[in-house]
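Observations on the model geometry
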Amino acid sequence: MTEPVKLSPAEEASERALAAVFQAIEEAKSFKLEAGAGAGKTYSLVKALQFLIEKEGKHLSRLNQRIACITFTNAAKDVIEDRTDRSSVIHCDTIHAFSWSVISGFQSQLRAHLPELDGWTGDPWAERLKEVGGTGTRTIEYTLGYRGITDGTISIHHNDVLPLTIRLLGYEKFRNIFCYQYPIILIDEYQDTDANWIATIREHYFGKDGPPLFGFFGDHWQKIYGNGCGELVDPAITEIGKEANFRSVSAIVDCLNRMRPELKQFVVDPEAPGEVRVYHTNGW
Amino acid sequence: MKLNRAKIKNFRLLRDVELFLEEQTTVIVGRNNSGKTSFSEVIRRFTSDKSATFQIQDFSSECYDEFCAAFKAKKDGKEDHDIRALLPFIELCMFFRYDPAQPQLGPLGEFIIDLDMDCDEALVVMRFDPIDGAIDRLFDGIPQGEINSETRKVFFREMAERVPKLYGIKVWAEDPNDTDNRKESSQATVRNLLKAGFINAQRGLDDITTRESDVLAKVLEGLFSTASLETADEKERKIAEQLEEAVRAIQDSINGDFRDQLQQLLPTLQTLGYPGLGGSELTTETTLDVQRLLTNHTKIRYEGHSGVLLPESYNGLGMRNLIFILLQVVSFYREYRSLAQPSGVHLVFIEEPEAHLHPQMQEVFIRQIGEIIEKLNKEHEKDPKWPVQFLISTHSSHIANEARFEAIRYFLPSPANDKATIWNTTVKDLRQGMFDTAPKDKEFLHQYLTLTRCDLFFADKAILIEGTSERLMLPVMIEKRDQSNISGPQLRSQYMTIMEVGGAYAHKFFDLLNFLELQTLVVTDLDPVYAPGGTKCLVHEAKATSNACINTWFGGGPCVPNNLIEKPEDERINGRVRLAYQCREVDEGPCGRTFEDAFLLANTDKFGISGDTPNALASDALEKAETFKKSAFALRYAIDDTDWKTPTYISDGLNWLSAGIVAPVETATPLVEAVAVPGAAEEPAHD
């Protein structure tokens, strides 16, 4: 008989967070997992996906539905795909690639809304399109990553994808189709996800009955980009704190806990030695 | 989600048709050669797993001129773009309906490209079209010069070879409200969306020339294959696994004792003494698998008396036919349930389910099939229902009449040009065509057709008559008419249905008859009466008729019979329906009031009708007619004594009826034969 493994405080905290995530999924409630640096956020995300594949995978794939997993970088996408065995029921992609995959079929609306977009600096799409006699029946593509117009195609930029997606989300039918196809949407590093995109999702889907179920994973303290949505608080979202820190020792975590009392963290080994040194500089 | 309608262009007789499908069962009726089989064939070709090809013979006859026109444009140096527009294509457009508010899209999601909440259809287009850049090669090396009847043959011989190579299938999703808005797709994507199953008319049940016809056993094999799929329903998979387990056990024991014995039969290589051969000895391994056991060694048996098992073919053809169809339906159901990604719509075509069934069993078929689906669905209550839509094509009036009008689609061949050398099909949708008919009248028609086993849907022409006398004597009258005009169109070679409806109800059929474009002669009686609602009288005494059909025809007010018989013919024709009632045999002569009167008046000498005035003659005919017993009278002159003259009102009517054109039974035009490629795969006949 094997001895029951004694869990470390961090592991215990991690299990608690995961159980809360699973419960939210079971109850079909959107949730947000707030996890500080070193808390093992990606681990939780992968666990949640595995849980969903196990529980819903067969059912979803019979209905031609998938679980969306939106990552911030292609590197993160690769990691998650690897750890979920590239299950066909998971559609893991960056927000741009994912958004494009859901909007690219609606060419006629894309053509209608493209002229509303800013386009080149000081040179909006509307002007450029006027020069070529309007969008016509050109196919809108997002393959090159830079803007261009040829006889048969219009190539859009990275920065055009989300504004177009936001405009399509304004259509009821698009929203219905979208939430049928992706009844569950998990978002990694939500704090850096485009603020306008999040606002649109929030406007149309939060607090409404039925799918999609959103799962936000991230830490608004770690927001890097200016256009990210940052802290996300909404009554429709169940807050789950991941009170684990697998990276740092007690001395550091204790310090963090004093700085951020609302997200109390537990370490792996309370006895591990360490120290905090604060470097301070003026006029930086 | 369901397949709401399908449009077909340029496939054989289906030059341009649209067919709406019912929620569950749609019944396709029509005479032979009306394109019923072509409809299922075109869907089979476009959705089959194998890469579908069409031959030039599959194009509608009218397309041949379009090929010529495209060739001419090429010679005239037109742009490829313009030539492409002239070239014919075979096309299948499928409109799927869904609920935009709660889209249960499944595989249909790929095909929705509009964002209009009012649009509840998604359109899938599949087109057999010249492949990109093929136009030059299509016409390359074909002798220049005008196309005349000689060069036409050469041209189409070339086309017959080139079209299968240079044409291909394109698939796209199209915005139903914007043809420019398209999204490319593939046949494989469509196959995820729509699965089609076929139960053909040729089921091989009555084929006793091939060894034993164990058609049912074949179905059993199919059921096993489905059950052993990775994705099959768990219960069935378990059965399949147990079967395999049982066979493995047998195999193991065979490979024990059996092998030892078998081994002794094999000479050891050493005894052959050839140098180098003795190194490895031969051994035996017997393998069994369920599939082969089913194919070769398992038969379906019926339990007979005293434990004797009867072979499959000992049961009546009708029963076997029915069992076969039902088992096939079950196997389609299982197939659907075993799909890892279930299709959105499962179309099941059943051709002529009536084969070998007696009428009562034919009638229950349609009702039964609905109940079977419910029972099957109960096996998987938690899963979404089987999205099956049946298309049943039939020549059985029992099946057609049992189905509601709404479910019937009537395939009508009509001439495509003035000379009627080319025919194509029009699909008549009774749900839409009978929309304006009052529900009460629809119910009447439905009841009537069911009760009388009427074959209206399969006839070229129809005659509505009053009663038994006409029914018994009409065949002789038709024969007399045909003989009087041997060189003209013969009525007896046309397929006619005779309905005994009577003047009180005949008018209720007018909507339906005109909608079916069925040329119809309504033979009725003047039924003269003294006044509206009054008692019967002679024609010249009458102020009105009690015949509802005539009153309806001439619109409301009382019709004075003396005026009626003066009405010009065109007033008695409405659309394809012509009204016939008694008239004078000779100018200023008497006019009968019923069929019997008119019959006597047409043969005054034979029956000794006498009188000084026309009115006296009419009166005498009436008196004599009333002494006859109707059926005895009719039988006598229908069988024993056929030497008489047909009353003019009927013979005129029959002449009118014989003149209308009728779709030919064989439509193979000489052109099609001329372009037949030697050795090309034999295609099933048109219908």
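Residues numbered from 1 in each chain as written. Chains lettered and ligands numbered in written order. Predicted model: local features only at pLDDT ≥ 70, side-chain atom pairs only at ≥ 80, totals over all residues.

1. Digging into the overall build of chain A
Rule in force here: The numbering of helices and of strands both runs from the N terminus, where a helix is a DSSP run of H or I of at least 4 residues and a strand a run of E of at least 2. Working definition of burial: number of other C-beta atoms within 10 Å of the residue's own, with buried at 20 or more, exposed at 12 or fewer, and partly exposed in between, all C-beta atoms being placed from the backbone. The contact criterion used here is simple: two residues whose C-beta atoms, placed from the backbone, lie within 7 Å are in contact.
Looking only at helices and strands, one finds 10 helices and 11 strands in chain A. Structurally, chain A occupies a C-alpha span of about 75 × 60 × 35 Å along its principal axes. Per-residue burial over chain A gives 38% buried out of 284 residues. Across chain A, the fraction of contacts at a sequence separation of at least 24, relative to all contacts at a separation of at least 6, is 68%.

2. Things to note about the overall build of chain B
Of the regular secondary structure elements, chain B holds 25 helices and 21 strands. The 687 residues of chain B split such that 37% are buried.

3. So, the domain arrangement of chain A
All names here are of chain A. Note the threshold: Each domain span listed reflects an automatic or database assignment of domains. Residues were grouped as follows: Ala, Val, Leu, Ile, Met, Phe, Trp, Tyr, Cys and Pro as nonpolar; Asp, Glu, Lys and Arg as charged; and all remaining residues, including Gly, as polar.
Domain parsing of chain A yields domain 1 (9–102 + 183–267) and domain 2 (104–164). Taking only C-alpha atoms into account, the centre of domain 1 sits 32 Å from that of domain 2. Breaking the side of domain 1 that touches domain 2 down by element, the ones donating at least two residues are α4 (95–103) and α9 (195–205). If you tally residues by element for the side of domain 1 that touches domain 2, the top one is α4, at 4 residues. Grouping the constituent residues of the side of domain 1 that touches domain 2 by class yields 2 nonpolar, 4 polar and 1 charged.

4. Considering the pairing of strand β1 (residues 2–11) of chain B
Residues and elements named next belong to chain B. As a reminder of what qualifies: In this description, strands pair whenever DSSP reports at least two bridges between them.
Across 7 bridges, the pairing between β1 and strand β4 (residues 90–97) is antiparallel. Bridge pairing in β4 places A6 opposite M94. Connecting β1 to the next strand, strand β2 (residues 14–20), in antiparallel fashion are 2 residues, including R12 with a positive phi near 50°.

5. Section: the interface of chain B and chain A
Across the contact, 20 residues belong to chain B and 18 residues belong to chain A. Of all the elements, strand β7 (residues 178–185) of chain B adds the most residues to the side of chain B that touches chain A, at 4 residues. Of the residues belonging to the side of chain B that touches chain A, the class tally is 11 nonpolar, 4 polar and 5 charged.

6. Structural notes on the packing of helix α11 (residues 317–337) of chain B against helix α12 (residues 359–379) of chain B
All names here are of chain B. Let me state the cut-off plainly: Only the contacting stretch of a helix is used when fitting its axis, a line to C-alpha atoms as for every element, and angles between N-to-C directions run 0 to 180 degrees. Here roughly perpendicular refers to angles of 65 to 115 degrees, roughly parallel to angles under 35, roughly antiparallel to angles over 145, and oblique to all remaining angles. Each crossing gets its hand from how the near helix is turned against the far one by less than a right angle, where anticlockwise is left-handed and clockwise is right-handed.
Remark: α11 packs on α12, axes separated minimally by 11 Å, with the N-to-C direction vectors making an angle of 25°. It follows from the interaxial angle that α11 and α12 lie roughly parallel. The handedness of the crossing between α11 and α12 comes out as right-handed. In this structure, α11 uses G318, L322, L326, V329, V330 and Y333 to contact α12, whose residues at the interface are M361, I372 and L376. Class assignment for the residues of the contact of α11 with α12 results in 8 nonpolar, 1 polar and no charged.

7. Digging into the sheet that holds strand β2 (residues 67–71) of chain A
Residue and element names in this part refer to chain A. The strand order across the open sheet built from 6 strands is β3-β2-β7-β8-β1-β9, with neighbouring strands paired in parallel fashion. Looking at strand neighbours, the two that pair on one side only are β3 (90–94) and β9 (238–242), the edges of this open sheet. Averaged over neighbouring strand pairs, the angle between their axes works out to 15° when direction is ignored. Examined bridge by bridge, β2 and β3 share 5 bridges and lie parallel to one another. Bridge pairing in β3 links A68 to H91. Docked against the sheet, helix α1 (residues 9–26) engages β1 (31–35), β8 (213–218) and β9, running at close to 160° with respect to β9. Contacts from helix α2 (residues 41–62) reach β1, β2, β3, β7 (184–188), β8 and β9 within the one sheet, and its direction differs from that of β7 by about 165°.

8. With respect to the domain arrangement of chain B
Taken domain by domain, chain B comprises domain 1 (2–199 + 343–411), domain 2 (215–264 + 287–315) and domain 3 (461–659). Its C-alpha centre places domain 1 of chain B at a distance of 46 Å from the equivalent point of domain 3 of chain B.

9. A look at the nonpolar core
Rules: Core membership is restricted to buried Ala, Val, Leu, Ile, Met, Phe, Trp, Tyr and Cys residues, and these are joined into a nonpolar core through C-beta atoms within 7 Å.
Core analysis: the largest hydrophobic core is formed by 215 residues, its most contacted members being L186 of chain A together with L464 of chain B. Among the elements that take part in this core, α1 of chain A stands out by supplying 7 residues, more than any other. With residues near it in sequence (within four places) discarded, L464 of chain B still touches M499, V501, A506, F509, T520, V522 and V523 of chain B. Counting residues in each nonpolar core, the second largest holds 5 residues, with L223, F224, A232 and V290 of chain B among its members.

10. Some details on the pairing of strand β21 (residues 577–580) of chain B
Residues and elements named next belong to chain B. Burial along β21 is two-sided: the face carrying V577 and L579 and the face carrying R578 and A580 are both buried. Both strand β17 (residues 519–523) and β21 contribute to a ladder of 4 bridges, which runs parallel. Bridged to V522 within β21 is L579. Inspection of the sheet shows strand β20 (residues 573–574) paired to β21 by 2 bridges, in the antiparallel sense. Considered in β21, the bridge of N574 is made with V577.

11. Examining the sheet that holds strand β6 (residues 153–157) of chain A
Residue and element names in this part refer to chain A. Overall, mixed pairing links the 3 strands, which are arranged β4-β6-β5 in an open sheet. Lying at the two open borders of the sheet, with one neighbouring strand each, are β4 (139–145) and β5 (148–149). Helix α7 (residues 158–168) contacts β4 and β6 of the sheet and is inclined by roughly 95° relative to β6.

12. Regarding the environment of V161 of chain A
Residue and element names in this part refer to chain A. One can find V161 in helix α7. For V161, a count of 21 C-beta atoms within 10 Å corresponds to the buried category. Put simply, V161 and E81 are 80 residues apart on the chain and 23 Å apart in space, counted from C-alpha to C-alpha. In this view, V161 contacts H96, S99, W100, Y142 and I156; residues no more than four positions away in its chain are not counted.

13. Details of the confidence of the model for chain B
Residues and elements named next belong to chain B. Definition in use: Along the chain, pLDDT gives the predictor's confidence residue by residue, from 0 to 100.
Confidence in the prediction of chain B, expressed as mean pLDDT, is 85, and 92% of residues score 70 or more. Mean pLDDT in chain B bottoms out at helix α25 (residues 670–675), which sits at 40, and peaks at β4, which reaches 96. Here residues 666–687 scores under 50 on pLDDT; set against residues more than four positions off or in separate chains, the count is 34 contacts. Complex prediction metrics read pTM 0.83 and ipTM 0.82.

14. Focus: the packing of helix α7 (residues 215–227) of chain B against helix α10 (residues 290–297) of chain B
Residues and elements named next belong to chain B. Between α7 and α10, the least distance of the axes is 9 Å, while the angle of their chain directions is 175°. With respect to their mutual orientation, α7 and α10 come out roughly antiparallel. On the side of α7, the interface is formed by L220, E221 and F224, while α10 contributes V290, Q291, L294 and T295. Residues that form the contact of α7 with α10 fall into these classes: 4 nonpolar, 2 polar and 1 charged.

15. Regarding unusual backbone geometry
Residues and elements named next belong to chain A. We note that R86 has phi near 50°; this positive angle belongs to a residue other than glycine. With respect to the helices and strands, R86 occurs in the loop between α3 (74–83) and β3. What makes R86 exposed here is the crowd of 10 C-beta atoms within 10 Å.

16. Brief notes about the environment of R584 of chain B
Residues and elements named next belong to chain B. Along the chain, R584 turns up in the loop between β21 and α20 (595–602). Judged by the 19 C-beta atoms lying within 10 Å of it, R584 falls in the partly exposed class. The residues touching R584, leaving out its near neighbours within four places in the chain, are I565, G589, P590 and C591.

17. Quick word on the environment of L213 of chain A
Residue and element names in this part refer to chain A. Within the element layout of this structure, L213 appears in strand β8. The class for L213 is buried, based on 21 C-beta atoms found within 10 Å. Counting along the chain gives 28 residues from L213 to I185, while the straight-line C-alpha distance between them is 6.1 Å. Beyond its immediate sequence surroundings of up to four residues, L213 is in contact with I25, A28, S30, P183 and I184.

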